[in-house]
There are 4 protein chains.
Amino acid sequence: MTLPKRNLHTSPKSGISPTYIPPKSVLIVNKHRTKPVVEAIESLLSYLREKHPDVRIFHEDRPDRPDGTEIWRPGTDAERVDLIVTLGGDGTILHAASLFKVGAVPPVLSFSMGTLGFLLPFHIDDFGKAIETAFEGKATVLHRMRLICTFQNKDGHTMNDVRQEWQVMNEVALHRGASPHLNTIDVFVDGQHLTEAVSDGIIVSTPTGSTAYSLSAGGPIVHPSLSALVLTPICPRSLSFRPLVFPSSSSITLRLSERSRAEAGLSMDGQVSHVLSPGESITLRASLYPVPCINRSSIVEPDDSRRGSEGAGPGKEDDWVRDINNLLQYNATFRSKALLRHSRT
Amino acid sequence: MTLPKRNLHTSPKSGISPTYIPPKSVLIVNKHRTKPVVEAIESLLSYLREKHPDVRIFHEDRPDRPDGTEIWRPGTDAERVDLIVTLGGDGTILHAASLFKVGAVPPVLSFSMGTLGFLLPFHIDDFGKAIETAFEGKATVLHRMRLICTFQNKDGHTMNDVRQEWQVMNEVALHRGASPHLNTIDVFVDGQHLTEAVSDGIIVSTPTGSTAYSLSAGGPIVHPSLSALVLTPICPRSLSFRPLVFPSSSSITLRLSERSRAEAGLSMDGQVSHVLSPGESITLRASLYPVPCINRSSIVEPDDSRRGSEGAGPGKEDDWVRDINNLLQYNATFRSKALLRHSRT
Amino acid sequence: MTLPKRNLHTSPKSGISPTYIPPKSVLIVNKHRTKPVVEAIESLLSYLREKHPDVRIFHEDRPDRPDGTEIWRPGTDAERVDLIVTLGGDGTILHAASLFKVGAVPPVLSFSMGTLGFLLPFHIDDFGKAIETAFEGKATVLHRMRLICTFQNKDGHTMNDVRQEWQVMNEVALHRGASPHLNTIDVFVDGQHLTEAVSDGIIVSTPTGSTAYSLSAGGPIVHPSLSALVLTPICPRSLSFRPLVFPSSSSITLRLSERSRAEAGLSMDGQVSHVLSPGESITLRASLYPVPCINRSSIVEPDDSRRGSEGAGPGKEDDWVRDINNLLQYNATFRSKALLRHSRT
Amino acid sequence: MTLPKRNLHTSPKSGISPTYIPPKSVLIVNKHRTKPVVEAIESLLSYLREKHPDVRIFHEDRPDRPDGTEIWRPGTDAERVDLIVTLGGDGTILHAASLFKVGAVPPVLSFSMGTLGFLLPFHIDDFGKAIETAFEGKATVLHRMRLICTFQNKDGHTMNDVRQEWQVMNEVALHRGASPHLNTIDVFVDGQHLTEAVSDGIIVSTPTGSTAYSLSAGGPIVHPSLSALVLTPICPRSLSFRPLVFPSSSSITLRLSERSRAEAGLSMDGQVSHVLSPGESITLRASLYPVPCINRSSIVEPDDSRRGSEGAGPGKEDDWVRDINNLLQYNATFRSKALLRHSRT
Ligand SMILES: NC(=O)C1=CN([C@@H]2O[C@H](COP(=O)(O)OP(=O)(O)OC[C@H]3O[C@@H](n4cnc5c(N)ncnc54)[C@H](O)[C@@H]3O)[C@@H](O)[C@H]2O)C=CC1
Ligand SMILES: NC(=O)C1=CN([C@@H]2O[C@H](COP(=O)(O)OP(=O)(O)OC[C@H]3O[C@@H](n4cnc5c(N)ncnc54)[C@H](O)[C@@H]3O)[C@@H](O)[C@H]2O)C=CC1
Ligand SMILES: NC(=O)C1=CN([C@@H]2O[C@H](COP(=O)(O)OP(=O)(O)OC[C@H]3O[C@@H](n4cnc5c(N)ncnc54)[C@H](O)[C@@H]3O)[C@@H](O)[C@H]2O)C=CC1
Ligand SMILES: NC(=O)C1=CN([C@@H]2O[C@H](COP(=O)(O)OP(=O)(O)OC[C@H]3O[C@@H](n4cnc5c(N)ncnc54)[C@H](O)[C@@H]3O)[C@@H](O)[C@H]2O)C=CC1
């Protein structure tokens, strides 16, 4: 893992690199191995072998690892990866990012397998064009901010060393889980006590995660090119607990209060990962290592007329506007103009 | 106006009458006189003249009154109306009901002109079947509760006599209107002070109105066969002002506080009707005279297979479930299974 | 259990009984046995023995059962109870009601131990006055509606006989619990499919429960003298899922969809009670047996001057207005008039 | 107006200036001239005359201008102002900022007259200490972002020259005002169509304004040290319209659709300022000229023990955490531990 650190404060829309060297290694990530995924991987492998024969192709060490790929194991001494290719749903990208819990993530090129996902810019049928754009260094990336998590015991001392750090792309949720009782969480911002939350739990989310669990819990939709932390309560026993948005320079600590009657579960991007006992806490900060996600708009032809008229050329992050409309059906207006015949419905 | 009073507490799903006498007079109501409306009225008139030649046909006294209709004027000495037929949008039904501000409303048969509406069960193309069902006394009605409004001056004395009473089908909204300043409204329930609201305004809605302005302001969706009053604040300056639902036995008073810097406008079903000065108030109660709306399900054939399998035969109020799904797109799920191709969007 | 059935549709504010017979048996319910509770029970027992020596005093069969009480066991052949006295928090009343899962509940007189609760009308220090009002038959009750639950297996057949029925006072919540994944629930109203919910879970609540979990999940506050069912989603993955309020004649079925990847837990008034497997369902209806809760206003002197001026005499349900203001801090206005000195804070 | 432009991207917590020159002119701003305000201005004037006799003291040109102040008129050729002192409520600061519609605003020192306000760090009784901190250059400021507004006619051409630009500190609200009808607004982000809003109106707010109107309309609370634009709908006729948060590099255009039946009013920081006709639009961008507001924490003694233990020394923006708790009563927990005696309430 020798990728240069990318600072959060660089433009989130910059190209991958100015003095460009094509990727020499690719990591293929898939969560499930359904028939379409298997076939897609095969096509992808033959394509890469033919067009980019020198490139090393890695895959996680799993029984179902595709032939012709080398084993790749995460960790500080992992083999260098220049490009990640994911095949699957949003969960596959979350999984790919979680393989780089510590340090930087290489650029991610994500293919959907036909179903839609919020983090999935490319349809698998277009993989050739997308791969070439990435290899030619013409792709533009959206640096999706991540949160870095550290854990503190009852005395406030850090419970983990650097290797146990954890970075998330969507959110951290501290939740009562199977306990039927409300839990009590003390929330601190930059070390200052903000509030005591009696609720099902608390979500601390990135802008990327603002369209995931946080949205379901009533949080605002935050554009992913903004660097910010979103704090959203889950079913708080209070009429006046609203979502909060903090600058990315803030640190947020969630401390399971000693008043809580039970342990609480921590979900990291939807994976139950830790359990906090009363008195223990987790602290979240913006990570220095965002996830560089290759934009859909990267590979749209410059002469694409519809794009032109919209005024958003390749490299502009505008996938998001289309996604919240197409996928979330944002502000779907009532069908007042449709035609409904009672006898035909 | 000699229609028998209908008690709110009778079943909301009962047939029009057990010892049935067919309607002897019909009031046609239309707000606008677009080409489709004009044509629809013509078809309707020839149909009625042919099939029910003895029926009197009324229309409001307006310059554009269709030929062959008699003038009808609202008021306590109005001509008796046995059936209202509306042609237009939801606003047309609201307008029809507002012609019966005092006392009872005859059953309402509502036709949409192609566009959808929440209160519009029938498409105009099916008018023959619908009219016959109504004339044969086979139609079932949903008694949509109304609110009756009385006004009080600063000393708490009633400002109107019975003739000035007002009944609404959707809601009463007391709103700052063009004044840029928040107003202050004291809310009383059954004479008891409930809260002081600093906001853009307050809505008191029927269950029918719960899918209109109240919904936009964050209120719950209340099934129209429930008798209840919904109180919904409009942009309150408080984190803890939630919508409230009261039994139909409650009376709610909105008093524009003397702290308010400006007058506030009262909208009755979307018509700006009165202005309250600081100190004045309006009191809302469930009216004894709901609006009997003929159900779409009335005219569905008993052997309609799809209906049968749903288990909801004619007479069951189930239009509503379909409407909140079809019209409001209630709980429209994210399009996670659709297929989106970037190159084709 | 021979108490007469009380019909839900009788006035919710009626006195306990017209031809009045004083209670012959009292069931004392306490969840915890803290020092104040122990002392309160002792005072209560000596008071009852002195003033009402013929009354039988029951207590649940627990190791910490107070001396001088008889064992009482729930069930269809339970000893007759004429009055329940609870000492503790809201959870104690929920527990008391849950002892009468099948059939009717006797009137409940609830004492708080100093802490506030939403269902707790009386402070323990006033127990003498409250007990006498109850024994003299002067108390007024609020009939708090309950929900009756039945369970269906994958084929839609009822899974329990009458003895396994369950009645709840607050709500039923079907929740993903410790599973990190969203579950999918099909919601039916009166047998008709309403929506498919992808969420953390679904709450079906009584008006009483509308200030409990449902409120935290974003539901409206419903006055407890209204008979209605409230359906509130918990963190739905949809922008357009709003709380719904149904008449008490409706039945609501929650069916854990076969698409759900995991089982889901059912909480009944906050007790985890059952687990549903994909395909199984639970159906909720208004129970015939509400919980008759003795009102705080019952024991306020008629000459209480403050009351008089409010216009709400004894027997009027107005505890609720005070409770949502005092306890929930409903619409707590921003402290714009308070005085804050930076140097003194 | 010769103040140097301050770039938004400089740290929002920086001191007023490194090579410090004390203010040579002060502008006193008060909206109302109540007795406490008059007295406070008098004390302030004698104080300044005694301690800083060379400083020029300005006031707006109004009939009630205090003796001993020079007339100050806004505009591009206005006299230079080095420090603004406001006396009054939040509205007074908004007014002061609106005097600098074009270009930069000098640092603002705001005194409350006893009542609380969200933007009011100092109590008037402490004015000496606060003034000295400001004159000594030891004050820290929070650069509260402003929005700059430009107007476009139906053809999309700009309707104003630079002098007609407008900068707001809280928000711009485009609202139906006194019209009873919903309006239709097309929302564009960076020139791209985002959504068509059918609603009472749309708010575009700064983080500062996120606790004002936007909060009432359901928006999130955004920390004022973040640079972002918040878009919040007012009573939208849609179940799925959520607040959005954009980076400060975005431009947002609100275009009153030609479908709207009436004009719509524009409020700038609560002042009705313009009326848009169907087809016209307004575009909002982050201004280069934030409002430098002097922090309360600036004048807290370094040895203030309570502060020290919180770890937030002078210069840290932590007023906000205290304000949302003290003023907004953020997440005010239910009074479950208080003691309520029915007989004493
Ligand atoms: N009640 C809720 O809304 C819950 C949501 N989640 C979310 O699920 C995520 C994990 O995803 P999976 O492993 O796929 O689990 P999953 O298979 O349970 O799916 C979660 C859903 O969220 C979508 N999703 C994930 N990230 C998203 C994003 N950033 N923006 C918009 N939609 C997104 C996925 O496409 C999928 O439809 C968690 O990070 C959490 O945000 C987890 C639990 C409950
Ligand atoms: N921000 C908002 O949502 C506002 C809503 N309104 C509503 O408009 C109503 C007046 O309607 P129009 O005269 O047609 O005015 P309009 O032409 O302005 O249309 C209002 C919209 O509300 C719909 N609507 C009316 N009653 C409804 C109901 N009970 N359930 C669902 N949708 C309903 C109509 O179909 C139409 O789409 C008022 O009673 C009020 O409820 C009025 C002002 C603002
Ligand atoms: N996120 C949330 O808000 C959750 C709420 N609950 C609620 O807790 C209830 C069980 O209560 P406990 O056994 O005391 O558990 P608990 O000890 O966990 O306390 C729940 C809290 O809810 C209050 N409460 C209970 N019923 C209420 C009502 N009808 N109106 C207003 N407040 C009420 C209690 O006073 C207590 O403060 C459940 O019926 C459920 O409604 C349960 C889980 C999560
Ligand atoms: N429904 C609502 O909540 C409405 C709110 N407003 C707000 O009023 C502001 C104008 O204020 P005034 O001239 O004082 O009018 P005003 O006298 O009507 O008072 C508005 C209230 O908002 C408070 N306020 C102003 N700016 C704030 C901020 N940034 N954060 C928290 N609270 C704030 C003021 O202290 C005052 O309590 C507008 O900018 C707008 O945000 C205006 C109309 C309606």
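Residues numbered from 1 in each chain as written. Chains lettered and ligands numbered in written order. Predicted model: local features only at pLDDT ≥ 70, side-chain atom pairs only at ≥ 80, totals over all residues. Heavy atoms only, no water.

**A short note on unusual backbone geometry**
Now for step 1: Although it is not a glycine, Gln329(A) adopts a positive phi angle of roughly 50°.
Now for step 2: Looking at the element boundaries, Gln329(A) is found in the segment after helix H6 (319–326).
Now for step 3: The phi torsion at Asp269(C) lies on the positive side, around 50°, for a residue other than glycine.
Now for step 4: Following the sequence through the fold, Asp269(C) ends up in the loop between strand S18 (264–268) and strand S19 (271–276). (Helix = DSSP H or I, 4+ residues; strand = E, 2+ residues; numbered from the N terminus.)

**Here we look at the site of ligand 2**
Now for step 1: Taken together, 23 residues form the shell around ligand 2, and within it Asp90(B), Glu171(B), Thr211(B), Ser216(B) and Arg261(D) come nearest.
Now for step 2: Take Gly270(B): an N or O atom from its main chain is 3.5 Å from an oxygen atom of ligand 2.
Now for step 3: In the environment of ligand 2, a nitrogen atom lies 3.1 Å from a nitrogen or oxygen atom belonging to the backbone of Cys235(D).
Now for step 4: At three residues, the largest contribution of residues to the shell around ligand 2 is made by helix H2 (residues 90–98) of chain B.
Now for step 5: When its residues are assigned to classes, the shell around ligand 2 shows eight nonpolar, seven polar and eight charged. (Near = heavy atom within 4 Å. Polar contact = N/O pair within 3.5 Å; in protein donor to acceptor, adjacent residues only side chain to side chain. Nonpolar A, V, L, I, M, F, W, Y, C, P; charged D, E, K, R; others polar.)

**Concerning the pairing of strand S19 (residues 271–276) of chain D**
All names here are of chain D.
Now for step 1: Across five bridges, the pairing between strand S18 (residues 264–268) and S19 is antiparallel. In the sheet register, Ser267 faces S19, and the bridge partner there is Val272.
Now for step 2: Between S18 and the antiparallel strand that follows it, S19, lie two residues; Asp269 among them carries a positive phi value of about 50°. (Pairing = 2+ DSSP bridges.)

**Comments concerning the confidence of the model for chain A**
Residue and element names in this part refer to chain A.
Now for step 1: Across chain A, the average pLDDT comes to 85, with 84% of residues at 70 or higher.
Now for step 2: In this model residues 1–16 is a low-confidence stretch, pLDDT under 50, and it forms 38 contacts with partners more than four residues away in sequence or in other chains.
Now for step 3: Low confidence marks residues 302–315, where pLDDT is under 50. Its contacts with residues over four positions away, or in another chain, come to 20 contacts. (pLDDT = per-residue confidence, 0-100. Contact = heavy atoms within 4.5 Å.)

**Side note on the environment of Val85(C)**
Residues and elements named next belong to chain C.
Now for step 1: Structurally, Val85 is set in strand S4 (residues 83–87).
Now for step 2: Measuring from C-alpha to C-alpha, the distance between Val85 and Leu44 comes to 9.8 Å, with 41 residues separating the pair along the chain.
Now for step 3: The residues touching Val85, leaving out its near neighbours within four places in the chain, are Val26, Leu27, Ile28, Val29, Leu44, Leu109, Phe111 and Ile131.

**Looking at the site of ligand 4**
Now for step 1: Around ligand 4 there are 23 residues in total, and Arg261(B), Asp90(D), Glu171(D), Thr211(D) and Ser216(D) lie nearest to it.
Now for step 2: More than one chain lines the surroundings of ligand 4; the residues nearby belong to chains B and D.
Now for step 3: Note that an oxygen atom of ligand 4 is positioned 2.7 Å from one of the side-chain N or O atoms of Asp90(D).
Now for step 4: Here an oxygen atom of ligand 4 and a side-chain polar atom of Ser216(D) are 2.6 Å apart.
Now for step 5: Computed on the free molecule, ligand 4 has an accessible area of 790 Å², of which 89% lies beneath the protein chains in the complex.
Now for step 6: Of all the elements in the fold, those that place two or more residues in the shell around ligand 4 are helix H2 (90–98) and helix H4 (213–216) of chain D.
Now for step 7: In terms of residue class, the shell around ligand 4 is built from eight nonpolar, seven polar and eight charged. (Areas by Shrake-Rupley, 256 points an atom, 1.4 Å probe, with all protein chains shown as cover.)

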